[in-house]
Amino acid sequence: MLIINCPYCGPREQCEFTNGGEAHVARPSDPEKVSDKEWSEYVFFRSNPKGIYFERWVHSHGCKKWFNAVRDTSTDKVLKVYEIKDEKPSLADLENSNLTTPSGEPEVGSGNFTVRKI
Amino acid sequence: MKNLISSNSVDIKELNLNQILVRGLYTPSLNKQIKSQFKISLPQNNLQINQDKNIICSKNSFDQWSIILFQQLEFEIDNAIAKINEDEKILATNYSEGQIYLEISGENKISILNKITHFDFREKHFPLSTSAQTLIGRVDCNIYNLGNRLLVTCNRSFGDHLKDQLIDAIKF
Amino acid sequence: MKKKYSIFNIARNAFSNHENWQKMWRSPEPKKNYDVIIIGGGGHGLGTAYYLAKEHGLTNIAVIEKGWLGGGNTGRNTTIIRSNYLWDESANLYEHSLKLWEGLTHDLNYNVMFSQRGVMNLAHTEHDIKEIKRRVSANTLNGIDSKWISKEEIKKLVPIMNTDNLRYPVLGASFQPRGGTARHDTVAWGYAMRADEMGVDIIQNCEVHKILTENGKVIGVETSKGIIQSKKVGVVASGHTSVLAESAGIRLPLQSKPLQALVSEPIKPVIDTVVMSNAVHAYVSQSDKGELVIGAGTDGYNSFTQRGGFDVVENTIRAMVELYPVFGKMKMLRQWGGIVDISPDASPIISKCDIQGLYFNCGWGTGGFKATPGSANVFAHTVAKNEPHSINAAFSLDRFVSGKLVDEHGAAAVAH
Amino acid sequence: MSAKDNKDSPYIAFHQSVKFTFDGVKYKGFKGDTIASALIRNNIKIIGRSFKYHRPRGIYTCGIEEPNALVQILSEYSEPNTRATVKQIYEGLKIESQNRWPSLENDLSSVNNLLSPLFSAGFYNKTFMKPRGFWKKVYEPLIRKAAGLGKPPKPFKTKSTQLHHHVDIVIVGGGLSGLLAAKSLAKTKLKVLLIEQDSYLGGILKNSNKISTIESKDRASWIKDVETEIEYSKNIKVLKNTLATTYNYINYLIAIEDLTTGMMPLEGHADQILHKIRADHIILANGHIERLISFRNNDLPGIMLAGSFEKYIQRYGVIPNISPVIFSNNSSSFSLIKILIDLNCKPQAYVDSRSGDKIESSLLDIIHKENIPLFTNAHVEGCDGKKQVEEISIRDSEGIITKLKSKMLCISGGFNPDVHLFTQSKGVLTWDDKYLTFKPSKSFQNTIVIGSAGGLFQYSKLANDIDSKLSFLNHEPIVNINFELNESDNYSIEKLWETKHEKKSRWSKSFIDLQNDVTTKDLRQGIREGFDRIEHLKRFTTNSMGTDQGKISSINALGIVSEILNKKVSEVGTTIYRPPYAPLSFASIAGRSTYNFYDPERKTSIHEWHKKNGAVFENVGQWKRPWYFQSYLEENLDQAVQREALQIRKYAGVLDGSTLGKIEIKGSDALEFMNLMYTNNFSKMKPMSARYALMLGEDGMIMDDGIISKINDNHFIATTTTGGAAKVLSHMEEFSQTEWPHLNVFMNSITEQFCTFNISGPKTRLIMEKVFKHIKFDNESFPFMTFNNFTYLDSTIRILRASFTGELGYEIYVRPSIALKLWEDLFRFGKDEGLIAYGTETMHLLRAEKGYIIVGQDTDGSVTPQDMDLEWMIGKSKKDFIGKRSLTRSDTIRSDRKQLVGIKPINQKNIIEEGQHIILSSNVKPPVKMLGHVTSSYMSPNLGHSFGMAVIKDGKNLIGSRAYVSSSSRDAYEVEIMKSVFIDDENKRLVS
């Protein structure tokens, strides 16, 4: 179970939080003007990267506030937590599990280290 | 005020308190309004508690405060809330009857609470006169660290479930 | 040469001290070019290759597996098989699979140990009753053997269940007698063996880095063992499918989440049917080795770490020790997690896409094992004919644009 | 030659005898004995039967890694698969051996051993296939009956407790390294927790004779001094009898403490504590585990690991056999030979696979001095005997076999660092070529591994290993520790996984996994059949999948496989160690949150009144809501609902609606926010008026509904369904915080601040005027869908004129403290006007007669407002609201979607059942085309017949025509499709 550092309450156990899926997904400002395909992108399609992932959390059993986080989904390491109003952090200053390939395994921290390239 | 249980150096009392929940962004006028009604000023940083004789005011988050009065008659509170609500940008709600209020004191209080909550009561994570919202026995609670006593509040309909688990943690 | 298995050929081999059993599959090095490449060596992938060879005569096929075949979700699920789904489209798909299960041991001449011990979905509230009775009625009219059973009938089937002294008492259940469980490893090995015999190359420890395309057409894949060309690529990589799709510029509406399961220590038989309970997120069956196989819910966040939080296990076990007091003195032997790819309507995606020659079979979420033969069969048709089979036509990728979803949230035993 | 007590052991109370029964026979042990040490004292050799071949099995080890000695504890709800080597005995303990019938001595299923040549690896996969149907009826039932080890336990309603810890450092293992680390942290301010699985600290110091003195103190007094030092330190807490089982992510450790070690658990008292520990750093000091060597019949009772044999002598004060044969491929046997000689139980022979020149001179000296028969560069070829070891055949360097008569063989195949917890932490292992084992290398979390757990087997290097690893904690440096050792400080080992059988026979087996009966031949066959990846081999042979998870054999299997594939062991890799470290009791995982603590039971403020007045309750989410009220004891649901429904349409009824969600919304942009959240347009609503409103998800499907009361453009109160209360509030918070933070709007749940009483029926106005004498209820002063605040018992209440039954009605919002008083007032005045209390079932019926939908029953997340004939609730002029855009997609714009209709049976004796389907003809032979399903159906006393609401394809156009409805018990029957409003469709009563 993760420990997440709520920007308002400090580090708390993950059972106090609810995940809100991908962050920085802007709702079309004028929905009537977008095509069915673009609208379906907003409603149903979210990125699902193995590696650096910008996601939303809400401290649902705490201060009830939403915030964003950057997490490496190949190891679950939470790299950064920031408020909704802050803009998206750049990849440069984030410690990355530097996966050599999109679906590769990190050197440490993956559950699947028996997938060896013999 | 009802004494719920006191054994192996943990005492739990149930109090009848009044509470106001204030939502809105901090403005000097709001602070003036609260000061005039309740003689206490709004704390500045998150989770901090300002304490007066029989009143505490804690900042639960960047746009939320709870004011708990240890004794003040109900009708005065409704007037105060109506006054605060005059500002269209502020929402004040009377939370007195919808919650239960438990005062937990005694030397073993933390080791008992550690049986039913994951919350970290250590000083560095829960300093004196700060508050926190978390889960105790799977019930959403507010905890106020008032030194040798903790004030714990939760919604009334979860009250029995929380009290039963506290008593059970002490006895078993 | 076709391997034949029976008690007689085991006896014959016993005389030679089991020294001359044949290799079940070659796991060769990849050739330069194939007619079809299947990415993902799990049950669905290996099955697709088997049906492509057996029913569509395509044998110049490669199944590329990043790790060891059957090592992904095929080796990590709770092996439950049923077809009592709500909507007609799902019912047809899972029933098509159930019929294939019933003949699979004989098709493969390899015992997948499909044991039809019945699957029970418990109702704990009035709302559950309404929802389950609706599904039973739809199943009956779709020709699926599903019926509503009372608490007394439940007690007869599962004597150890405590139905009344519960926070949410058991009020009744749906029961599908033809449902049950199977041995997940032998499904993958059986398909792998027979596909290999028909000439399919199963390439293990070979990770696909990128799906290569040229002006809207697939031309092959770049892997850890070099470039392999093909005009047709089928992606059946469950949790990793969207990562591979991204490499070809295709976005899929999938989210990969950890799904946990656990087994208890082996004991003599104590529960013979499969019991599922949506309300308390817990389902259980007992394997032939005597271990209770218990499935939990998904962890609520995206992750590829094949593990999950201990709190999810706690919530499932809390419900189990109440529902079955006999489990009070049992112990958890092993606990693990898989990576399930969840789609917005909890239904699979078996579909072509905008790139010609690129096909996807994914989105199975928490319920993929039961669909293994059916999904492989219709996906083989889709890849071979470049047209979906009538059974999987509704599970196209563009249903999310039109809005014609197949919402099976209620049916999945696990509310996500 | 039998077992003998070693009275020097300080851990056994030789003066306190304890009687227990094993398989019906009474035996005597001492206080502090485990079941295993007590049975050894009584010369019991066979302890169980193996899983597949039912071969007799003896006690193989002295700890948690035991593969064979699993027993059933009859005196504790017959708990199965308990490790006899860990469970301590107590007076009156009753245990039984497992997996044998009729008895341990003669087990009929040992016939499997005769048929064993057939039962090769993967046997099940290749047979039991013919004839069809036999698998279900014949083969599988037989296999299932033979499966499993122990019998199912008795039902056990447990209440074990859980305890959370938040510490700076956790030290797993109170052995030599653990104590040194703890001692060095005693004076720091760090909060430290030391966990030890045994009842005593000391680890190798108490379990073996390897170290004779430490810091020139004898072992026991050094341990005592360190323990007192730890006790006086304020910052170190010690947990004994506590086993760390799971190392979850971000340094989250789960450990299980046995509170009743050596005692009979008391009924109703906690027998276990599950410790849930968060630590900044975790120090793993859990030591090493000895591994076996595979040779012919290496499973016969009387074979034991050498280290365990020594542990029985030191820790449990019993010498299992006074003249054992010792066989080893490493340097660890000196301390065992020395203690045996000190207790004048000279070993019968010492066999070492290493050549003479490689063997430590100190070892050779003691062997020559005591003229113990020595075999160097020699292997044990195998053992023979009837149900126990009787003869050991040793093959010397020239290949000549000598046979020794002996009842006891101690073997040592070397030591593996206990890496299970380290791999759970997702650290990576590396192969150590010197010690021929895997050891921790790169850790992923804040994990520090010290001592032999980290692959360090040299005592002289221990001190500065710990100092270097703990320096960042500025601990008190240990600098150096002087030891006097009973073995050489540089542990050396020669590769030996398996010895060759003398003659080929189909029946001779050398085992790799004792519990699952996996032989080395199975490994070879697996690889031959193509299962050459270690994870495949594990599943094909079930090697290391037993309850001991291959603790004493999984590295051997990797060694053998690497030889067969002639690859380096590091290339073969390991299988994944899955939590828990050792089987973890379900009861402790569940803790106290079962039965009445499973889930809260939320009750409204007047719950007691309901109970006293014959309410039968229903679970709605976590709430208990009155389902119906019994006017006499045996009145059932249908009878009560028929009565209540008639009464309310004729007189009046009141429903406790406190469980419905209530949200107060306020802010300068509240109006804009509400217009975005709901489909309706609230802009033109007059203050103090209310409107029934609909909330959609972004996919355009109906998510919730409720009544919106507008106090003014900046202040609203919204009600929601009971089930939707939390969901709607979090939906509002999500969009206001993340999508529209520029909007000034805030929301508070006020669900629990007010009770809600919904009173309706023709006599309502009369009753209200009596209860609230000062309020005017006529149409002009109190029009339909308006509300106002009034005073009642000098407190403010809010009354809204609205009704879900279609009758004239009001919703009264009152503070909990005076709610009961008001409820009783309603009855004091309303009783003679015919007022009754009614439950959810009647409410469902009455609202259905009016064609009102229930979100979650008539909608299932796949229907839009248009489908439910609620087009009028969509604010046409609104530019945008959540879900609006989804309503115009190609599938949602279709005119023939499923639409809400009413249905009535043509033959009024038929009763429509909920969930059944509307079909075209009476033919129900599958597959049958379905138009849609019945969402709600009731027997209406007001209409005099059964009726229902249904959602069917192209429903609007089918109104007026006929179709059929399926039935669960009989064939389909004909129904008429009609509009969904059955009573007062001009809504005259609402505004009367």
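Residues numbered from 1 in each chain as written. Chains lettered and ligands numbered in written order. Predicted model: local features only at pLDDT ≥ 70, side-chain atom pairs only at ≥ 80, totals over all residues. Heavy atoms only, no water.

## Description of the overall build of chain D
- What chain D contains, in helices and strands, is 25 helices and 53 strands.
- The globule rule puts the C-alpha radius of gyration for 992 residues at 30 Å, and the 39 Å found for chain D is more than 25% above it.
- Summarising its shape, the C-alpha atoms of chain D cover approximately 115 × 75 × 55 Å along the three principal directions.
- A fraction of 67% describes how many contacts in chain D between residues 6 or more apart in sequence connect residues 24 or more apart.
- Of the roughly 34600 Å² of accessible surface on chain D, a fraction of 56% belongs to carbon and sulfur atoms.
- For chain D, the distance from the average position of its 128 positive side-chain charges to the average position of its 113 negative side-chain charges is 3 Å. (Helix = DSSP H or I, 4+ residues; strand = E, 2+ residues; numbered from the N terminus. Rg over C-alpha atoms; globule rule 2.2 N^0.38 Å. Contact = heavy atoms within 4.5 Å. Areas by Shrake-Rupley, 256 points an atom, 1.4 Å probe, with all protein chains shown as cover. Lys, Arg positive; Asp, Glu negative; His and termini not counted. Charge placed at Lys NZ, Arg CZ, Asp CG, Glu CD.)

## Description of the overall build of chain C
- Each helix and strand counted, chain C has ten helices and 19 strands in total.
- Over its C-alpha atoms chain C spans a radius of gyration of 21 Å, differing by no more than 12% from the 22 Å that the globule rule assigns to 416 residues.
- Taken along its principal axes, the extent of the C-alpha atoms in chain C is 65 × 65 × 40 Å.
- In chain C, which comprises 416 residues, the share counted as buried stands at 73%.
- If you take every contact in chain C between residues at least 6 apart in sequence, the share linking residues at least 24 apart comes to 75%.
- For chain C, the separation between the mean place of its 45 positive charges and that of its 40 negative charges on side chains is 3 Å. (Buried < 20%, exposed > 50% of the residue type's maximum accessible area, 1.4 Å probe, protein only.)

## Focus on the interface of chain C and chain D
- Contact with chain C, which involves 105 residues of that partner, is made by 116 residues of chain D.
- Taking both sides of the interface into account, the surface hidden between chain C and chain D amounts to around 9900 Å²; carbon and sulfur atoms contribute 56%.
- When the area that chain C buries against chain D is broken down by residue, the three leading residues are L141(C), R167(C) and K329(C), summing to 9%.
- Between the two partners, chain C and chain D, sit nine salt bridges.
- Across the pair D288(C) and R144(D) runs a salt bridge, and its minimum N-O distance is 3.2 Å.
- Run the count over chain C and chain D and you get 52 residue pairs in polar contact (both at pLDDT 80 or more).
- Of all the secondary structure elements, the ones that give two or more residues to the side of chain C that touches chain D are α1 (7–15), α3 (88–108), α4 (126–141), α6 (184–197), β13 (255–264), α8 (310–323), β17 (331–342) and α10 (399–402) of chain C. (Buried area = accessible area lost by both parts, 1.4 Å probe. Salt bridge = Lys/Arg side-chain N within 4 Å of Asp/Glu carboxyl O. Polar contact = N/O pair within 3.5 Å; in protein donor to acceptor, adjacent residues only side chain to side chain.)

## Details of the pairing of strand β10 (residues 217–223) of chain C
All names here are of chain C.
- Both strand β9 (residues 208–214) and β10 contribute to a ladder of six bridges, which runs antiparallel. The partner of V208 across the bridge, within β10, is T223.
- Judged from the four bridges that link them, β10 and strand β11 (residues 226–229) form a sheet pairing that is antiparallel. Residue pairing across strands places T223 opposite G226, the latter belonging to β11.
- In sequence, β10 turns back onto β11 through a hairpin of two residues. (Pairing = 2+ DSSP bridges.)

## What to know about the confidence of the model for chain C
- Chain-level statistics for chain C give a pLDDT mean of 93 and a share of 98% at 70 or above.
- Counting contacts from residues 412–416 of chain C, a segment whose pLDDT is below 50, to residues more than four positions away or on other chains yields 18 contacts. (pLDDT = per-residue confidence, 0-100.)

## Concerning the environment of K115(B)
Residues and elements named next belong to chain B.
- Positionally, K115 belongs in helix α3 (residues 109–116).
- Accessibility expressed as a relative area gives 23% for K115, which makes it partly exposed.
- Along the backbone, K115 and I170 are 55 residues apart, and their C-alpha atoms lie at a distance of 9.2 Å.
- A polar contact is formed between the side chain of K115 and the backbone oxygen of F172, at a distance of 3.1 Å.

## Notes on the pattern of salt bridges
Residue and element names in this part refer to chain D.
- Applying the stated criterion to the full structure yields 111 salt bridges over all chains.
- Linking E487 and K210 is a salt bridge whose minimum nitrogen-to-oxygen distance equals 3.6 Å. Here the residue E487 occupies a position in the loop between β31 (483–485) and β32 (511–513), and K210 occupies one in the loop between α6 (204–207) and β11 (211–214), the gap between them amounting to 277 residues.
- Residue K210 is classed as buried on the basis of its relative accessible area, which comes to 8%.
- The closest approach of N and O atoms between K405 and E391, which form a salt bridge, is 2.9 Å. Of this pair, K405 sits in strand β25 (residues 401–405) while E391 sits in strand β24 (residues 391–395); the two residues are 14 residues apart in sequence, bridging distant segments of the chain.

## Observations regarding unusual backbone geometry
- Here K130(D) and P131(D) are connected by a cis peptide whose omega angle stands at -15°.
- Position of P131(D) relative to the elements: it lies in the loop between α3 (123–126) and α4 (134–146).
- For the bond running from P579(D) to P580(D), omega is -5°, close enough to zero to count as cis.
- With respect to the helices, strands and loops of the structure, P580(D) is situated in the loop between α16 (569–572) and β34 (584–585).
- Phi at S9(B) is positive, roughly 50°, even though this residue is not glycine.
- Of note, S9(B) is situated in the loop between β1 (2–7) and β2 (10–15).
- Judged by its relative accessible area of 36%, S9(B) is partly exposed.
- Positive phi is not limited to glycine here, since I250(D) has a value of about 45°.
- Looking at where I250(D) falls in the secondary structure, it is placed in the loop between β14 (242–248) and β15 (252–258).

## Brief notes about a nonpolar patch on the surface
- Together, V111(D), L114(D), L115(D) and W507(D) give the surface a local cluster of nonpolar side chains, amounting to about 400 Å² of exposed area.
- Following the sequence through the fold, W507(D) ends up in the loop between β31 and β32. (Patch = residues over 30% accessible without salt bridge, like charges linked within 9 Å, V, L, I, M, F, W, Y side chains within 5 Å.)

## Concerning the environment of V561(D)
- By secondary structure assignment, the location of V561(D) is in helix α15 (residues 554–564).
- Ignoring sequence-local partners within four residues, the contact set of V561(D) consists of I527(D), I534(D), L537(D) and V572(D).

## What to know about the packing of aromatic side chains
Residues and elements named next belong to chain D.
- Scanning the model with the defined rule gives 66 aromatic pairs over all chains in all.
- Seen in terms of ring centroids, F128 and W135 are 6.3 Å apart; in terms of plane orientation they differ by 45°. Their pairing is tilted.
- Look at F772 and F777: their rings are 6.3 Å apart centre to centre, the planes differ by 45°, and that puts the pair in the tilted class. Of the two residues examined, F772 and F777, each falls in the buried class. (Phe/Tyr/Trp six-rings, centres within 6.5 Å; stacked < 30°, edge-to-face > 60°.)

## Thoughts on the pairing of β17(C)
- Among the twelve residues in β17(C), twelve count as buried, and that is most of the element.
- Taken together, the ten bridges between β13(C) and β17(C) define a ladder with antiparallel strand orientation. Note that in β17(C) the partner of S264(C) across the bridge is M332(C).
- Of the strand pairs in this sheet, β17(C) and β34(D) are connected by two bridges, and their pairing is antiparallel. Within β34(D), the residue paired with K331(C) across the bridge is S585(D).

## Brief notes about the domain arrangement of chain D
- Here the domain parsing of chain D yields domain 1 (4–104 + 294–412), domain 2 (154–290 + 414–494 + 581–598), domain 3 (511–572), domain 4 (607–658 + 755–846), domain 5 (661–749) and domain 6 (894–992).
- Computed from C-alpha atoms alone, the centre-to-centre distance between domain 2 of chain D and domain 5 of chain D is 55 Å. (Domains from an automatic or database assignment.)

## Quick notes on the nonpolar core
- In this structure, M120(C), M161(C), Y324(C), F327(C), V170(D), L409(D) and F586(D) are the most contacted members of the largest nonpolar core, which totals 184 residues.
- Sequence-distant contacts of M120(C), defined by excluding residues within four places in its chain, comprise I149(C), I154(C), L157(C), V158(C), M161(C), A173(C), S174(C), F175(C), T273(C), V274(C), V275(C) and M276(C).
- One finds V34(A), L252(C), F400(C) and M703(D) within the second-largest nonpolar core, a separate group that totals 60 residues. (Core = buried A, V, L, I, M, F, W, Y, C linked by side-chain atoms within 4.5 Å.)

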